[in-house]
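# Analysis of the macromolecular model
Below, each chain spelled out in residue letters.
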Amino acid sequence: MSRQPATHHPTPLPASSRRTFIKAGLAAAGLGPAISALPGCGDAVDRSPRGRAAPPPTRTDESVLVIGAGIAGLAAASELRASGFEDVVILEARDRIGGRIWTENVGGTIPVDLGASWIHGVRGNPIADVARRSGIETRPTDWDTAVLHFHERGAPMPDTLDLDGFWTLAERRPGASLRSILDEYLETHALSTSQRRYLEHLLNTTVEHEYGADLADLSLESVDGGSAYGGHDVLFPGGYGQIVEALSDGLEVRLRQAVTGIDHSGARVVATTASGARCEADRVVVTLPLGVLKNGLVSFSPPLPAAKRRAIADLKMGVLNKTCLLFEDVFWEPGIEVIGYVGADRGRWAETLSLHPYTGQPILMMFNAGTYGTEIESLADQEIVAEATAALADMYGAVPQPTDVLVTRWGSDPWTHGSYSYVPVGSSFERYAALGQPIGNRVFFAGEATNPDHPATVHGALLSGVRAAREIAGVAPQRRPPTRYRRTAGADLFPSTFSGGVAQ
Ligand SMILES: Cc1cc2nc3c(=O)[nH]c(=O)nc-3n(C[C@H](O)[C@H](O)[C@H](O)COP(=O)(O)OP(=O)(O)OC[C@H]3O[C@@H](n4cnc5c(N)ncnc54)[C@H](O)[C@@H]3O)c2cc1C
């Protein structure tokens with residue numbers, strides 16, 4: 001027998017983008033920096049190598065190896081090519097490019113994103129610029145087109161919650177864990193049971209999902225650093241992979257080349273792969289994910305400097321996993337984009353995105369983060385699906401079995417060991433800058449975890465790749481006139497070659 005869903009339209013989130021939601025919360029409480037509507041791209045590009053002595057010049061006929069064909073590696077290689085470097089080779093461990101941008105087909109033909117989905121804040125965002133100039137369709141997510149299902153039917157629905165009080169409390173102890181702040185808040189504020197659970201739900205979906213970590217691992221300082229672009233969050237009905245395709249045009253990528261060692265002790269850099277192959281070049285751009293570096297999966301000779309090793313040890317990788325379910329028909333609220341669920345167990349299947357408004361297909365993308373997101377990785381696919389459908393049954397009554405399923409396990413993925421980086425309690429955003437510091441004029445670093453302004457994002461990874469390429473190219477006497485940088489609204493850092501091969 002079908003049970004009536006307990007639905008409720010929750011308090012609208014006070015910002016158009018999830019990343020700005022947290023910062024808007026801080027700003028509303030009089031805390032934190034104002035959201036940067038248009039962070040200077042030069043700022044984002046130039047911050048990491050601050051204070052470094054100018055390295056000796058590089059010639060553009062020198063060779064460059066790029067380790068990793070994620071968005072950072074592709075951006076670095078593309079920028080190097082645009083700056084006149086012709087011998088640029090990317091070594092990639094997987095059998096595909098894109099890294100944590102991963103578009104797969106569900107039901108055989110329908111593209112869905114199992115890694116990054118959104119451009120977080122389109123205003124001034126370089127990814128939005130690439131999408132626009134490449135003619136790639138995007139659709140805004142309306143976080144207010146949401147519904148909330150409460151496990152306890154008949155329980156009074158919570159009224160609007162004032163989160164400002166929580167953030168104000170956090171400001172008094174900015175280095176303390178948000179879990180301890182929440183405990184203190186709950187001790188000092190008389191909330192009903194449903195209000196408490198709703199507050200936990202909000203913090204789970206807007207903070208823990210955002211950072212892939214539990215409140216116990218995050219502090220105000222963890223969520224108060226970096227910058228965020230303004231404007232809507234948008235996603236790609238045809239998949240984020242289209243951005244990867246646009247950026248990879250004309251680049252030399254060697255797939256299935258897992259690098260195990262980087263020797264930079266001699267005149268040239270030598271990268272050794274798992275198959276024993278040796279690749280030499282004058283320079284190397286390392287875009288290995290933080291999780292790969294933390295697990296010591298690639299050796300460096302000489303070893304990495306102490307500041308970099310400390311950054312690798314201090315920063316952490318969060319986990320956000322997706323469970324994508326294709327059904328015969330839509331059985332949930334048509335037109336709704338975000339489905340919230342306050343279940344019996346906090347933080348389980350708490351947020352789902354209906355892809356129906358974007359694709360016209362009956363697809364649910366369900367999210368789990370932090371501890372629970374990590375725990376489900378040890379379950380078999382069918383067990384994960386059973387948990388997902390049980391949660392859906394709790395929301396909607398008897399639900400049909402999905403006709404196809406895709407499940408991610410980013411925490412145990414050997415080529416990333418986590419979804420994206422975060423600054424845990426006791427650490428600092430400065431660690432990102434340390435990770436981005438080059439070693440001499442030979443070994444350069446890029447990737448989302450090297451960008452102190454925009455870590456854990458696609459645009460942050462892209463900007464870091466451009467920054468690393470410019471560290472090399474910026475000191476290179478040009479063999480030919482420099483590429484003209486096209487100036488577009490809000491972004492002037494991309495050479496026209498970024499949209500090569502696609503509509504301009
Ligand atoms: C589930 C999920 C959801 C996300 N959602 C969003 C979102 O909505 N919006 C957003 O902006 N960001 C999102 N992100 C974050 C975003 O995807 C990443 O920050 C970004 O893609 C990282 O790019 P990168 O180039 O730094 O790293 P990667 O994409 O990880 O690239 C590194 C590359 O190095 C390769 N590699 C690893 N080890 C080796 C080796 N030993 N030898 C050779 N190659 C190696 C990897 O295979 C990979 O291709 C999400 C991430 C995940 C996992």
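A quick note: this is a predicted structure, and the numbers were derived from the prediction, not measured.

## Topic: the overall build of the protein chain
Within the protein chain one finds 16 helices and 23 strands. Per-residue burial over the protein chain gives 52% buried out of 504 residues. Summarising the internal contacts of the protein chain: among those between residues at least 6 apart in sequence, 77% fall at separations of at least 24.

## Notes on the sheet that holds strand β9 (residues 234-235)
Across a sheet, paired strands are connected by hydrogen bonds in the backbone, their directions being either parallel or antiparallel. With respect to topology, three strands assemble into an open sheet ordered β6-β9-β7, the strand pairing being antiparallel. Pairing within the sheet leaves two strands with one partner each, and these edge strands are β6 (118-119) and β7 (139-140). As defined by bridge partners, β6 adjoins β9 across two bridges and the pair is classed as antiparallel. Bridging from a neighbouring strand, I119 pairs with V234 of β9.

## Remarks on unusual backbone geometry
In this chain, S301 is followed by P302 through a cis amide linkage whose omega measures -5°. Tracing the sequence through the fold places P302 in the loop between β15 (299-301) and α11 (306-314). With phi around 55°, R256 is a residue other than glycine that occupies positive phi space. By the element assignment, R256 lies in the loop between β10 (252-254) and β11 (259-263). Judged by the 13 C-beta atoms lying within 10 Å of it, R256 is partly exposed. For A456, which is not glycine, the phi torsion reads 65° and is therefore positive. We classify A456 as buried; it has 27 C-beta atoms within 10 Å.

## Remarks on the confidence of the model for the protein chain
In this model, the protein chain carries a mean pLDDT of 85, and residues with pLDDT of at least 70 account for 81%. Counting interchain partners and residues more than four positions distant, the pLDDT-below-50 stretch residues 1-16 has 33 contacts.

## Some words on the pairing of β11
Here β11 pairs with strand β12 (residues 269-273) via four bridges, running antiparallel. For V259, the partnering residue across the bridge sits in β12 and is T273. Taking the residues between adjacent antiparallel strands as the criterion, β11 and β12 are bridged by five residues. Two strands pair when backbone bridges link them, and β11 and β15 are joined in this way by three bridges, in the parallel orientation. Residue pairing for β15: I262 is matched across the bridge by F300.

## Side note on the packing of helix α5 (residues 164-172) against helix α6 (residues 178-188)
Between α5 and α6, whose axes approach to 10 Å, the crossing angle comes to 120°. The angle between the axes of α5 and α6 places the two elements in the oblique class. Between α5 and α6 the crossing geometry is right-handed. Contacts between α5 and α6 involve G165, F166, L169 and A170 from the first element and L178, I181, L182, E184 and Y185 from the second. The class makeup of the residues in the contact of α5 with α6 is seven nonpolar, one polar and one charged.

## A short note on the site of the ligand
Looking at the ligand, there are 41 residues lining it, with G68, G70, A72, G99 and A116 nearest. Going through the elements one at a time, α3 (71-82), β17 (320-326) and α16 (458-473) are the ones with two or more residues in the shell around the ligand. Considering only residue class, the shell around the ligand consists of 23 nonpolar, 13 polar and five charged. Looking at which domains feed residues into the shell around the ligand, each of domain 1 (7-35 + 142-231 + 320-412) and domain 2 (41-101 + 237-314 + 418-496) gives three or more.

## So, helix α4 (residues 126-134)
The buried fraction of α4 is high, at seven of nine residues. Every buried residue of α4 is accounted for by P126, I127, A128, D129, V130, A131 and S134.

## Section: the pairing of strand β19 (residues 351-354)
On β19, burial covers both faces: E351 and L353 on one face and T352 and S354 on the other are all buried. Here strand β18 (residues 338-342) pairs with β19 via three bridges, running antiparallel. Bridging from a neighbouring strand, V338 pairs with L353 of β19. As defined by bridge partners, β19 adjoins strand β20 (residues 363-369) across four bridges and the pair is classed as antiparallel. Within the sheet, the bridge partner assigned to S354 lies in β20 and is L364.

## Structural notes on the nonpolar core
With 128 residues, the main nonpolar core has I67, I71, A76, I243, V284 and V285 as its most contacted residues. At nine residues, α16 tops the list of elements feeding residues into this core. Ignoring any residue separated from it by four or fewer positions in sequence, one finds V285 in contact with V64, V66, I67, G73, A76, F444, A446 and A468.

## Details of the sheet that holds strand β3 (residues 88-91)
The five strands are arranged β10-β3-β2-β14-β23 in an open sheet whose pairing can be described as parallel. The two strands at the open ends of the sheet, each matched to only one other strand, are β10 and β23 (443-445). Strand-to-strand twist of the sheet, defined as the mean angle between neighbouring strand axes without regard to direction, takes the value 25°. Across the sheet, α3 touches β2 (64-67), β3 and β14 (283-286), and the angle it forms with β3 is around 170°. Lying on the sheet, α16 is in contact with β2, β14 and β23; it crosses β23 at an angle near 150°.

## Observations concerning the environment of Y396
With respect to the helices and strands, Y396 occurs in helix α14 (residues 381-396). Placed 247 residues apart in sequence, Y396 and H149 show a C-alpha to C-alpha distance of 8.9 Å.

## What to know about the environment of D142
Residue position: D142 is located in the loop between β7 and β8 (146-150). Exposure remark for D142: the 15 C-beta atoms within 10 Å place this residue in the partly exposed category.

## Points about helix α7 (residues 193-211)
Taking 1.5 Å of rise per residue, the 19 residues of α7 would be expected to cover 27 Å, and the 26 Å separating its terminal C-alpha atoms lies within 8% of that figure. The largest bend in α7 amounts to roughly 35° and is located at N204. Positioned one or two residues after α7, G212 has a phi angle of 70°, which is positive.

## Side note on the environment of D113
Structurally, the position occupied by D113 is in strand β5 (residues 110-113). D113 sits 13 residues away from R100 along the chain, and the two C-alpha atoms are 9.7 Å apart. The contacts of D113, once residues within four sequence positions are left out, are W102, T103, G239 and Y240.

So, how was this worked out
Residue numbering note: each chain is counted from 1, following its sequence as written. Thresholds applied to this predicted model are a pLDDT of at least 70 for local features of residues and 80 or more for the giving and counting of side-chain atom pairs; totals over whole chains, interfaces and linings are not thresholded and use all residues. Comment: elements are numbered from the N terminus, with helices defined as DSSP H or I runs of at least four residues and strands as E runs of at least two. Exposure classification rests on a simple neighbour count of other C-beta atoms within 10 Å of a residue's own: a residue reaching 20 or more is buried, one at 12 or fewer is exposed, and one in between is partly exposed. C-beta atoms are placed from the backbone. Two residues qualify as a contact pair if the distance between their C-beta atoms, derived from the backbone, is within 7 Å. Only strands that DSSP links by at least two bridges are regarded as paired with each other. As a per-residue quantity, pLDDT reports the predictor's confidence and falls between 0 and 100. Angles run from 0 to 180 degrees between N-to-C directions of axes, and those axes are lines fitted to C-alpha atoms, restricted for helices to the stretch in contact. Note on angle classes: values under 35 degrees are labelled roughly parallel, values over 145 roughly antiparallel, values of 65 to 115 roughly perpendicular, and the remainder oblique. Two helices crossing with the near one rotated counterclockwise from the far one by less than a right angle form a left-handed crossing, whereas a clockwise rotation gives a right-handed crossing. Under this grouping Gly is polar, as are all residues other than the nonpolar Ala, Val, Leu, Ile, Met, Phe, Trp, Tyr, Cys and Pro and the charged Asp, Glu, Lys and Arg. Residue proximity rests on one test: whether the C-beta atom, placed from the backbone, lies within 6 Å of the molecule or strand. Throughout, the edges of the domains are those of an automatic or database domain assignment. Think of a nonpolar core as buried Ala, Val, Leu, Ile, Met, Phe, Trp, Tyr and Cys residues chained together by C-beta atoms that fall within 7 Å. To estimate the expected span of a helix, count its residues, drop one, and scale the result by 1.5 Å. A residue's bend is the angle separating two fitted axes: one through the seven residues that end there, the other through the seven that start there.

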